[in-house]
Amino acid sequence: MIHSEHVLASKAKNYFSVEQLSVGYESRILLADVNFHLSKGSIGCLLGPSGCGKSTLLRAIAGFEQSLQGRIYLDDNWLNRPGRTVAAEHRNIGMVFQDYSLFPHLSALENVRFGLYGLSRPNAIAKARHWLGQVGLANKEKAMPHELSGGEQQRVALARALAPEPELVLLDEPFSSLDLEFREKLSREVRELFKASNTTALMVTHDQHEAFAMADYIGVINNNRLEQWDDAYHVYHQPVNQSVADFVGQGVFFERGNCR
Amino acid sequence: MMLSTRRRHRHLLSANCSRHWLAVLLVALCLSACGKGVSEADSPAKATAQEALHSEPSGSLIVYSSRNEQLIQPVFERYREITGVTIEYATDKAGVLIERLKAEGENTRADLLLTVDAGTLGFAASQGLFQRINSPVVNEVVPAHLRDTDDLWTGLSLRARTIVYSKERVDPAQLSTYAALGDPSWQGRLCLRTSKKVYNQSLVAMLISEFGEQETEQIVQSWVANLAIAPTSNDTQVMQAIINGQCDVGLVNTYYFGRMQVKQPDLPLALYWPNQGEAEGGVHINLSGIGLLKHSKNVAAAKALVDWLVSDEAQAIFAGVNQEYPISSSTTVDPTVVAWGGFKASEQPLSDAYKLQPTAVMLFDRVGYR
Amino acid sequence: MSIVSSYGTDDQGALAHIIRYVLPNSLLNSLALTAGVCLLAGAIGVTLAWLTVSCEFPLRRFFAWVLFLPLAVPGYVMAFAFVGLFEYGGSLHSMLRHYRADSGWLLNVYSYGAIVLVLSLVLYPYVYLLARNAFQTLGQRSIEVGQSLGLSVRQSFFKVALPMARPWIAGGILLVAMETLADFGTVAVFNYDTLTTAIYQAWFSLFSLSAALKIAGILLLLVVVVTVLERHSRRQRQYAEGRNAARNTKRLQLGFGAQTAALLFCSSIFMLAFVLPLGQLLYWALPNLSQELTVRFWSYVSGTVLLATLAMFVVVSMAVALAFIARQKKGLVVTSAVRLATLGYALPGTVLAIGIFVPIGYVDHWLQSKGLSSGLLQGSLLVMMMAYSVRFLAVAYTPLENNLLRVTPSIDLASQSLGVAGMAMLRRVHLPLLGPGIVTAMVLVFVDVMKELPITLMTRPFGFNTLAVRVFELTSEGMWERAALPALAIVVVGFLPVYLLIRSTEVSPSVRASK
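About the cut-offs
Residues numbered from 1 in each chain as written. Chains lettered and ligands numbered in written order. Predicted model: local features only at pLDDT ≥ 70, side-chain atom pairs only at ≥ 80, totals over all residues. Heavy atoms only, no water. Buried < 20%, exposed > 50% of the residue type's maximum accessible area, 1.4 Å probe, protein only. Helix = DSSP H or I, 4+ residues; strand = E, 2+ residues; numbered from the N terminus. Pairing = 2+ DSSP bridges. Salt bridge = Lys/Arg side-chain N within 4 Å of Asp/Glu carboxyl O. Axes fitted to C-alpha atoms, helices over the stretch in contact; angles between N-to-C directions. Parallel < 35°, antiparallel > 145°, perpendicular 65-115°, else oblique. Left-handed = near helix turned anticlockwise from the far one by under 90°. Contact = heavy atoms within 4.5 Å. Nonpolar A, V, L, I, M, F, W, Y, C, P; charged D, E, K, R; others polar. Buried area = accessible area lost by both parts, 1.4 Å probe. Polar contact = N/O pair within 3.5 Å; in protein donor to acceptor, adjacent residues only side chain to side chain. Disulfide = S-S within 2.5 Å. Expected span 1.5 Å × (residues − 1). Core = buried A, V, L, I, M, F, W, Y, C linked by side-chain atoms within 4.5 Å. Domains from an automatic or database assignment. Phe/Tyr/Trp six-rings, centres within 6.5 Å; stacked < 30°, edge-to-face > 60°. Lys NZ or Arg CZ within 6 Å of the ring centre and 35° of its normal.

> What am I meant to see in the pairing of strand 10 (residues 217–222) of chain A here?
Residue and element names in this part refer to chain A. Burial analysis of strand 10 places five of its six residues in the buried class, the great majority of the element. Strand direction decides the pairing type here: strand 3 (residues 43–47) and strand 10, joined by four bridges, are parallel. When the sheet's bridge partners are listed, Leu-46 is paired in strand 10 with Gly-219. With six bridges connecting them, strand 10 and strand 11 (residues 225–231) associate as antiparallel partners. Along strand 11, the bridge assignment pairs Gly-219 with Trp-229. From the end of strand 10 to the start of strand 11, which pair antiparallel, there are two residues, and Asn-223 there has a positive phi angle of about 50 degrees.

Written as structure tokens, this is what we have:
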């Protein structure tokens with residue numbers, strides 16, 4: 001029995017839904033039949049080894065990549081269904097890249113302002129200042145990207161993604177190039193920021209510490225599929241199978257998993 | 001009186017009536033030609049040009065020219081003054097202009113092609129670019145061997161390629177023919193311009209038709225053996241090298257010598273006319289000339305311009321501006337040129353010069369004349 | 001190649017002759033000349049770049065910019081100025097003899113060495129430009145890395161800085177090699193036989209187009225080999241671009257001896273490449289000033305500026321478009337097409353000009369047959385711009401490509417995720433990032449078009465003249481003295497864009513430094 005799109009999308013709990021999504025290439029499917037939901041203002045995290053298609057999944061959600069099949073809904077609207085897709089720039093999804101990808105020719109403030117083209121100049125500047133303040137960089141607004149430290153570039157990238165108030169923020173291994181101590185501090189800060197602004201976010205990581213520090217919901221990806229999607233408590237205490245248990249329970253870095 | 005002077009002039013440069021050479025001084029010609037009024041000469045040209053214009057759609061003509069702008073602009077400007085016809089021109093190397101005309105085909109806007117070498121005109125004719133000029137004026141004024149045998153082009157001015165020598169170190173009695181420059185007595189005393197210039201190719205083409213390829217190859221080889229310095233890139237440098245004492249003799253076009261003489265009247269150089277003996281063929285002459293393009297859209301106007309170009313007034317400017325010999329024997333010759341004296345010119349028809357040009361070039365490569 | 005044969009089949013003799021008597025010598029000469037010029041121009045360019053970017057010595061800033069100026073001197077002008085200076089009876093010989101000094105030691109201006117020197121002096125700015133770019137990005141840091149590993153400054157230069165800068169240097173040398181192979185004007189002044197002169201001989205003296213095309217084929221083959229070599233070294237450029245490599249303005253303090261040497265080297269190159277030739281031109285130009293400085297002269301100047309400006313916009317726009325197509329669609333076909341499109345730089349101008357005229361002739365005939373009068377061929381600007389584009393695309397493309405490499409693909413994605421895509425992304429992200437590259441490309445095209453001769457001669461509208469055309473008209477009649485003023489004017493007109501270029505590379509925004 002096929003649900004009508006409205007029935008599925010209108011459930012308040014399912015602000016953001018991914019249904020039966022497959023990503024990869026025709027010749028090599030990276031992830032098959034992925035299903036999960038996020039409610040408004042919650043933070044999800046996809047956890048799994050590198051090279052298993054997590055980033056590809058994220059890019060498909062962002063619209064940078066075509067999915068092979070399945071549907072994506074965001075706030076009552078479909079983004080993606082067989083044969084049709086909404087262009088990345090029209091999805092209203094913000095993204096923080098692994099390498100931050102700041103515009104090297106623009107200052108910190110100008111980077112944050114970049115996506116605020118709908119506002120008048122003073123309003124846009126005021127709003128960009130606000131978000132730069134939110135990430136603690138009010139004093140760095142004139143700095144050029146190369147003059148900022150790695151952590152500061154990360155914060156600018158975050159502010160840039162949040163400033164246009166997207167319906168969803170995607171984060172691709174956002175803390176991977178920071179050192180361990182700083183990573184935990186920043187992940188706590190980011191979680192507080194998201195909660196304070198009621199931002200819905202989905203992040204991808206291979207570090208379970210990061211996942212548990214940040215997320216309300218965690219999905220474990222292994223063996224080319226999403227093996228479990230649940231809240232953090234249940235993933236930790238009631239793993240659905242041995243591989244999830246091994247990984248989460250022993251707290252082992254999950255660098256080399258089982259994916260073809 | 002006018003007619004008789006004309007006839008005498010023609011004898012001098014063309015020597016087309018007999019095998020005997022005439023040593024008539026150009027000074028005399030100059031004096032007789034000077035008496036003529038200018039207004040007499042230009043009124044008929046003016047009339048024909050204007051008539052032609054009335055019957056043609058365009059008030060302007062387009063000339064492709066390998067003769068440089070500064071040497072054609074004054075004469076075209078004068079034409080505009082007297083007829084109101086504007087002449088536009090594109091200057092480039094002859095080979096390129098011919099390729100361009102071939103690419104443009106029947107859509108070309110050009111009416112006439114002007115070059116500075118009979119060989120290139122012959123080649124353009126062989127490529128089917130021209131139509132017959134069919135002008136009684138040209139046929140009357142220009143000696144037959146300075147026109148194409150098929151009437152596809154006509155010469156406009158003449159220059160001789162001759163020997164230049166140092167007045168300080170050379171007794172002209174030592175000089176005789178082009179071939180004699182290969183004599184061992186000139187070892188290390190000869191300067192030549194690069195073989196890539198068409199002027200040298202045409203000169204040697206003349207020698208080939210006179211002596212045959214083998215003998216000419218020996219002549220050129222003996223020249224190369226006598227070279228004092230590597231071939232220069234232009235004629236002026238040949239004369240400069242003689243002035244500097246690097247060599248004593250060389251081969252130049254007369255107008256280069258004329259230009260230098262105008263600037264430095266006390267030039268320590270002089271021209272020598274070689275091959276003046278019985279059966280020695282005469283001085284190598286070449287010409288700048290013009291052909292009427294097959295796809296010209298203004299044939300009548302173009303013909304009117306050609307007719308005017310061989311008139312005395314045009315000739316005085318065209319040849320005078322470059323110290324050349326006018327094609328029409330009735331024209332006043334520049335005093336600088338007159339002072340070089342008269343000579344017997346080669347009578348070889350210039351129409352087929354281009355056919356021997358590749359032979360000459362290959363010969364140069366074989367003997368290592370760069 | 002679009003040039004099609006329209007001659008008879010009487011080409012066998014010509015071809016056999018060329019293979020036996022012309023080709024061996026001209027091929028050898030071309031190879032020797034290209035090798036010599038690449039080496040000398042490369043050495044001069046790299047040394048000057050290193051000195052002016054990474055070392056501190058008196059007048060450094062002055063030299064940093066005046067050493068660009070020879071970029072505005074056309075090769076044929078440098079050549080005839082050198083002949084005027086150094087030939088027996090030329091200015092320097094006469095001066096020395098006037099003071100009864102020996103002049104036998106002066107450079108023999110008709111030697112291989114002299115031609116290599118002249119071409120190197122006009123072409124080294126390409127290497128200088130790109131090597132400066134490289135050293136500015138990674139200069140000081142690379143030395144520090146070397147020092148931290150226990151190398152001396154000199155060892156660090158040869159073992160770290162130079163290898164890291166190699167892709168840029170190779171890019172500059174490629175341009176030098178292509179210019180040298182295609183050169184006609186300069187070698188003609190010295191009567192030096194190369195493949196290019198052999199093409200001219202076969203075509204215009206032996207009347208054999210097919211032989212000319214075969215030589216052009218060999219020439220192109222050489223260019224392809226050089227290009228592949230350059231590609232090979234460029235592959236490693238990505239690693240050379242250190243992430244977040246902040247631009248370092250700290251320079252090495254040289255000792256007194258080294259300072260003197262640096263000063264001496266910079267001054268002697270500046271003297272040879274600029275002061276001496278310009279002095280000779282001035283010496284010729286002054287007595288002829290009244291003859292040449294007419295109303296027409298100013299029309300040559302304005303014509304030159306107009307043409308170069310127009311060509312600059314057209315060619316650089318095309319190069320930008322090409323760069324983006326190549327960026328969006330990576331793949332062998334596109335990459336090869338881009339390579340092919342930039343090969344025109346290595347073709348002798350006349351060959352290229354005629355090669356463009358022929359297909360346009362066909363189009364014109366075809367339009368005519370459809371009852372349309374296109375007027376395409378009438379020395380129109382359109383044809384001119386097409387020809388310039390084919391010829392100078394490589395010049396515009398090289399600096400753009402260098403800058404485009406700095407724009408990582410995720411920058412595009414970042415822009416898209418913020419709702420900025422398509423033309424808006426081009427305008428707001430790509431063009432600003434390409435800024436310095438675009439300025440460089442525009443200046444190089446402007447200066448090159450200004451110096452260009454065969455295409456300008458063949459395709460200019462009637463009555464439209466440039467300074468280069470004027471120089472040609474006068475020098476082809478051996479009137480070098482009179483040609484000196486327009487030649488000087490080419491150099492002077494070139495000053496402004498070259499100055500702008502220096503400004504843009506000297507005061508570079510952060511773009512250069514970060515990735």
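Structure shown, so let's carry the discussion forward.
> Explanation requested: the pattern of salt bridges in the structure shown.
Note that side chains of opposite charge can pair when their charged atoms are close. One pass over the structure, following the stated rule, counts 31 salt bridges over all chains. The partner of Lys127(A) in a salt bridge is Glu165(A), and the shortest N-O contact between them spans 3.3 Å. Taken as a pair, Lys127(A) in helix 4 (residues 121–134) and Glu165(A) in the loop between helix 5 (150–162) and strand 8 (168–172) lie far apart in primary sequence, 38 residues in all. For Glu165(A), a relative accessible area of 48% puts it in the partly exposed group. Two residues, Asp235(B) and Arg161(B), come together in a salt bridge whose shortest N-O distance is 2.9 Å. Residue Asp235(B) is located in helix 10 (residues 235–243), and its partner Arg161(B) is located in strand 5 (residues 153–166); the two are separated by 74 residues in the primary sequence.

> I'm lost on the packing of helix 10 of chain B against helix 11 (residues 254–263) of chain B in this one. Help?
Each packed pair of helices is defined by two parameters, the angle between the axes and the distance between the axes. Residues and elements named next belong to chain B. Across the interface, helix 10 lies against helix 11 with an axial gap of 9 Å and an inter-helix angle of 60 degrees. As far as their axial angle goes, helix 11 and helix 10 are oblique. Remark: the crossing between helix 10 and helix 11 carries right-handed chirality. Judged by residue contacts, Asp-235, Thr-236, Met-239, Gln-240 and Ile-243 of helix 10 engage Tyr-256, Phe-257 and Met-260 from helix 11. Residue composition of the contact of helix 10 with helix 11, by class: five nonpolar, two polar and one charged.

> Can you walk me through the interface of chain B and chain C in this structure?
On the chain C side, the residues contacting the 48 residues of chain B number 57 residues. Roughly 4600 Å² of surface becomes buried between chain B and chain C when both sides are summed, with 50% attributable to carbon and sulfur atoms. Among the residues chain B hides against chain C, the three largest losses belong to Gln70(B), Arg100(B) and Asn107(B). Together they make up 13% of the total. Counting across the chain B and chain C interface gives five salt bridges. The salt bridge involving Glu69(B) is made with Arg296(C); its shortest N-O contact spans 2.2 Å. One can count 22 residue pairs in polar contact (both at pLDDT 80 or more) joining chain B with chain C. When residues of the side of chain B that touches chain C are traced back to their parent elements, those giving at least two are strand 1 (60–65), helix 4 (69–83), strand 2 (86–91), helix 5 (94–104), helix 10, helix 11 and helix 15 (353–367) of chain B.

> What should I look at first to understand the state of the cysteines in this one?
With the rule as written, the count across this model stands at one disulfide over all chains. Linked covalently through their sulfurs, Cys191(B) and Cys247(B) form a disulfide whose S-S length is 2.0 Å. Between Cys191(B) and Cys247(B), the S-S torsion sits near -100 degrees, and that sign places the bridge as left-handed. Of the two residues, Cys191(B) sits in strand 6 (residues 190–191) while Cys247(B) sits in the loop between helix 10 and strand 7 (249–253), which places them 56 residues apart along the sequence. Across the pair, exposure class does not vary: Cys191(B) and Cys247(B) are buried alike. No disulfide involves Cys266(C); its nearest neighbouring cysteine sulfur is the one of Cys55(C), lying 9.4 Å away.

> Help me understand the sheet that holds strand 8 of chain A in this model?
Working definition: the strands of a sheet are paired by backbone hydrogen bonds and lie parallel or antiparallel to each other. Residues and elements named next belong to chain A. Spatially, the six strands line up as an open sheet ordered 7-8-9-3-10-11, and their pairing is mixed. At either margin of the open sheet sits one strand with a lone partner, and together these are strand 7 (93–96) and strand 11. Adjacent strand axes in the sheet meet at a mean angle of 15 degrees, parallel and antiparallel pairs treated alike. When strand 8 meets strand 9 (residues 201–205), the two strands line up parallel, connected through four bridges.

> What am I meant to see in the interface of chain C and chain A here?
Where interface size is quoted, it is often the accessible area lost as the parts come together. The interface of chain C with chain A comprises 23 residues on the first partner and 23 residues on the second. Summing both sides of the interface, chain C and chain A together bury roughly 2100 Å²; the carbon and sulfur share of this comes to 67%. Across the chain C-chain A interface, the total number found is zero salt bridges. Listed by contribution, the elements that provide at least two residues to the side of chain C that touches chain A are helix 17 (409–417) and helix 18 (422–451) of chain C. Partitioned by chemical class, the residues of the side of chain C that touches chain A number eleven nonpolar, nine polar and three charged.

> Explain helix 3 (residues 75–86) of chain C to me, please; I cannot follow it from the model alone.
Quick reminder: α-helices carry 3.6 residues per turn. Residues three or four places apart thus point the same way. Residues and elements named next belong to chain C. Helix length check: helix 3 (twelve residues) gives 16 Å between terminal C-alpha atoms against 16 Å at 1.5 Å per residue, within 8%. Most of helix 3 sits out of view: twelve of its twelve residues are buried. Here helix 3 has its buried residues at Gly-75, Tyr-76, Val-77, Met-78, Ala-79, Phe-80, Ala-81, Phe-82, Val-83, Gly-84, Leu-85 and Phe-86.

> What should I look at first to understand the nonpolar core in this one?
The tendency in soluble globular proteins is for nonpolar side chains to be buried as a group. Phe16(A), Phe36(A) and Ile61(A) are the most contacted members of the largest nonpolar core, which has 222 residues in total. The residue makeup of this core includes at least three contributed by each of domain 1 (28–199 + 229–287) and domain 2 (293–515) of chain C. Contacts of Ile61(A), omitting those with residues within four sequence positions, involve Phe16(A), Val18(A), Phe36(A), Ile72(A), Leu79(A), Arg91(A), Ile93(A), Leu168(A), Leu170(A) and Leu202(A). Judged by nonpolar contacts, the second largest core, of 111 residues, contains Tyr79(B), Val116(B), Leu292(B) and Tyr325(B).

> Could you clarify how one ought to interpret unusual backbone geometry in this entry?
Glycine aside, residues mostly have negative phi angles, and peptide bonds mostly take the trans form. The phi dihedral of Asn198(A) falls on the positive side, at around 55 degrees, and the residue is not glycine. Assignment of secondary structure puts Asn198(A) in the loop between helix 6 (180–196) and strand 9. Of note in the backbone geometry, Ala279(B) takes a positive phi value of approximately 60 degrees without being a glycine.

> Honestly, helix 11 of chain B in this entry has me stumped. Any pointers?
For helix 11 of chain B, the buried fraction is high: seven of the ten residues fall into the buried class. Regarding helix 11 of chain B, the residues found buried are Thr254(B), Tyr255(B), Tyr256(B), Phe257(B), Gly258(B), Arg259(B) and Met260(B).

> I keep staring at the packing of aromatic side chains and nothing clicks. Help me out?
Two measures describe an aromatic ring pair: the distance that separates the ring centres and the angle between the ring planes. This structure, assessed with the given rule, holds 37 aromatic pairs over all chains. A centroid spacing of 4.7 Å and a plane angle of 55 degrees characterise the contact between Phe68(C) and Tyr128(C), whose relative ring orientation is tilted. With a gap of 60 residues between them, Phe68(C) in the loop between helix 2 (60–66) and helix 3 and Tyr128(C) in helix 5 (residues 112–148) connect regions that are remote in the sequence. As far as the burial class goes, Phe68(C) and Tyr128(C) line up, both buried. Taken together, the aromatic side chains of Phe62(C), Phe63(C), Phe270(C), Phe274(C) and Phe495(C) make up a single cluster linked through ring pairs. Sitting over the ring of Phe318(B), Arg67(B) keeps its end group 4.0 Å from the ring centre. The lysine or arginine in question, Arg428(C), covers the ring of Phe114(A), its NZ or CZ lying 4.1 Å from the ring centre.

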